[in-house]
Amino acid sequence: MITMNDVIREGHPTLRKKADALSFPLDSEMRKLAEDMLEFLINSQDPDMAEKYELRPGVGIAAPQVDVSKRLIAVHVPSQDEENPDPEFSSVLINPKIVSHSVQQTCLADGEGCLSVDREVPGYVPRHKRVTVDYYDLNGEKKKVRLRDFPAIVVQHEIDHLNGVMFYDRIDPDNPLALPDDIDVLGTVEE
Ligand code: 4LI
Ligand code: NI
């Protein structure tokens, strides 16, 4: 299983590389990696597993974060709705591509965290509020998904990793807490 020891941290050159596209059929090693990445996220969100294995909770992870420079991400965003036991979005996405997005932007009120960044970086990270993403699943089937708000932010953060981009590259260096006009802030009482 994947633990924090497998996760490379900022400063490692792999995090700044553009990852390579995958081709199908996936080999068994890549398939296993994809399954392990999704399992890591699920474990990291389980209080007992997280404590036992010292996992930091995450909702997204990209293959370059485990030093595999391939275009593969896993996302597991739990439902906030108590009535609904299904996760809001849980998938492995291979060769993901944002094919369209809203003009409207959003950002997290408390900023973004990253499994590869062991410090708090204050500042708003502007993201598209809605995205349409084309990708392939583990079986090589072509998929299209429309996401908004938190799941959309997570997928954008993870696709950035495939392009060597860190979330803090998107924070305004002169004024980290300046908000672009008309941005919608997620996780505030107005939500
Ligand atoms: C425990 C169990 C407050 C601070 C609020 C925790 C289950 C920050 C937010 C979680 C923040 C779960 C998250 C991300 C932020 C902050 C990621 C807690 C795990 C909230 C996910 C990739 C950015 C994603 C909202 C510096 C490791 N995740 N919080 N950002 N959660 N989580 N990101 N921001 N301020 N990062 O981190 O997985 S996109 Cl689900
Ligand atoms: Ni990250």
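Quick summary incoming for the structure in this document. (Residues numbered from 1 in each chain as written. Chains lettered and ligands numbered in written order. Predicted model: local features only at pLDDT ≥ 70, side-chain atom pairs only at ≥ 80, totals over all residues. Heavy atoms only, no water.)

**Some details on the packing of aromatic side chains**
Move 1: If you walk through the whole model with that rule in mind, you get two aromatic pairs.
Move 2: Both rings, one in F24 and one in Y136, keep their centres 5.5 Å apart while their planes meet at 45°; by these two values the pair is tilted. In this pair, F24 sits in the segment before α1 (28-44) while Y136 sits in strand β6 (residues 130-136), placing the two residues 112 residues apart along the sequence.
Move 3: The exposure class assigned to F24 is partly exposed, which follows from its relative accessible area of 31%.
Move 4: Taking the relative accessible area as the measure of exposure, Y136 reaches 27% and is therefore partly exposed.
Move 5: For the ring pair F167 and Y168, a centre distance of 5.4 Å and an interplane angle of 70° mean the geometry is edge-to-face.
Move 6: Of note, R119 hangs over the ring of Y168, and the distance from its end group to the ring centre comes to 5.1 Å. (Phe/Tyr/Trp six-rings, centres within 6.5 Å; stacked < 30°, edge-to-face > 60°. Helix = DSSP H or I, 4+ residues; strand = E, 2+ residues; numbered from the N terminus. Buried < 20%, exposed > 50% of the residue type's maximum accessible area, 1.4 Å probe, protein only. Lys NZ or Arg CZ within 6 Å of the ring centre and 35° of its normal.)

**Quick word on the pattern of salt bridges**
Once the charged atoms of two side chains with opposite charge are near each other, the side chains can pair.
Move 1: Enumeration according to the criterion identifies 12 salt bridges in this entry.
Move 2: With its nearest N and O atoms 2.7 Å apart, the salt bridge here joins D169 to R16. Placement of the pair is D169 in the loop between α3 (149-162) and β8 (184-186) and R16 in the segment before α1, with a sequence separation of 153 residues.
Move 3: On the accessibility criterion, R16 (45% relative accessible area) is partly exposed.
Move 4: Here K143 makes a salt bridge to D137, at a shortest N to O gap of 3.8 Å.
Move 5: By relative accessible area, which is 14% here, D137 ends up buried.
Move 6: Among the charged side chains, a salt-bridge network with shared partners connects E112, R127, D160 and R170. (Salt bridge = Lys/Arg side-chain N within 4 Å of Asp/Glu carboxyl O.)

**Structural notes on the side chain of D160**
Move 1: Along the chain, D160 turns up in helix α3.
Move 2: For D160, a relative accessible area of 7% puts it in the buried group.

**Let's talk about the nonpolar core**
Move 1: Judged by nonpolar contacts, the single largest core of 23 residues is most densely connected at L33, M37, F40, I61, L72 and V92.
Move 2: Elements represented by at least two residues in this core include exactly α1, β2 (72-77) and β3 (89-101).
Move 3: In terms of residue count, the dominant contributor to this core is α1 (seven residues).
Move 4: When near neighbours in sequence (up to four residues on either side) are disregarded, I61 contacts V7, M37, F40, L41, V66, I73, A74, L115 and E158.
Move 5: Formed by 18 residues, the second largest nonpolar core is a distinct cluster that contains V75, L147, A152 and L162. (Core = buried A, V, L, I, M, F, W, Y, C linked by side-chain atoms within 4.5 Å. Contact = heavy atoms within 4.5 Å.)

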